[in-house]
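Now for the letters of each chain:
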Amino acid sequence: QVQLVESGGGWVQAGGSLRVSCAASGRTFSSYRMGWFRQAPGKEREFVAAITWSTGYTYYADSVKGRFTISRDNTKNTVYLQMNSLKPDDTAVYYCAAGIRGVTREGAYDYWGQGTQVTVSS
């Protein structure tokens, strides 16, 4: 049974940093792309960042480029999203996802975590 479990969310003041993690289990993810999405209250879920597990190639939404960094630890089967210079607009539930059919579309991902809340206060 595939499981993606996010952790590390919380509250931070604007300008601060947080790191969220996604522990993956239940299958081999070496051929997968791992993505982070977020959903703010009243808004649609949007793409944040992705990493190709085998090559480490990364992708970012323009809104987070230069502030967020996605990485993976093969030994721990874990993907991280380091978030720096956080803004109130970054407040959302952050979801981890795994898929093989694309990068930024939700439909490209087959497996999803339950989400972790990130709140940035001004």
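On a predicted model such as this, the values are computed, not experimentally measured, just so you know.

J.: Give me the side chain of Ser-121: which residues, what numbers.
T.: Within the fold, Ser-121 resides in strand E11 (residues 116-121). Once you skip the residues sitting within four places of it in the chain, Ser-121 turns out to touch Trp-11, Val-12, Gln-13, Ala-14 and Pro-88.

J.: For the pairing of strand E8 (residues 78-83), give the residues involved together with the corresponding values.
T.: Most of E8 is tucked away, with five of its six residues classed as buried. Inspection of the sheet shows strand E3 (residues 18-25) paired to E8 by six bridges, in the antiparallel sense. In the sheet register, Ser-21 faces E8, and the bridge partner there is Tyr-80. Relative to E8, strand E7 (residues 68-73) runs antiparallel, the two sharing six bridges. Each residue of the ladder has a partner; that of Ser-71, found in E8, is Tyr-80. Here E7 folds back onto E8 in antiparallel fashion, the turn holding four residues, of which Asn-77 has a positive phi close to 50 degrees.

J.: Residue-level account of unusual backbone geometry, with values.
T.: Of note in this structure, Asn-77 is not a glycine but carries a positive phi near 50 degrees. Of note, Asn-77 is situated in the loop between E7 and E8. Take Asn-77: its relative accessible area is 23%, and that puts it in the partly exposed class. Although it is not a glycine, Ser-85 sits at a positive phi angle of roughly 50 degrees. Structurally, Ser-85 can be placed in the loop between E8 and strand E9 (92-99).

J.: Go over the environment of Arg-27 with me, naming the residues and quoting the values.
T.: Checked against the element boundaries, Arg-27 lands in the loop between E3 and strand E4 (33-39). Arg-27 sits in the partly exposed class, given a relative accessible area of 37%. Put simply, Arg-27 and Ala-92 are 65 residues apart on the chain and 28 Å apart in space, counted from C-alpha to C-alpha. Those residues within four positions of Arg-27 in sequence are excluded, and the remaining contacts are Val-2, Tyr-32, Asn-77 and Tyr-111. In this structure the side chain of Arg-27 is engaged in a polar contact, spanning 3.3 Å, whose partner is the side chain of Tyr-32.

What counts as what
Residues numbered from 1 in each chain as written. Predicted model: local features only at pLDDT ≥ 70, side-chain atom pairs only at ≥ 80, totals over all residues. Heavy atoms only, no water. Helix = DSSP H or I, 4+ residues; strand = E, 2+ residues; numbered from the N terminus. Contact = heavy atoms within 4.5 Å. Buried < 20%, exposed > 50% of the residue type's maximum accessible area, 1.4 Å probe, protein only. Pairing = 2+ DSSP bridges. Polar contact = N/O pair within 3.5 Å; in protein donor to acceptor, adjacent residues only side chain to side chain.

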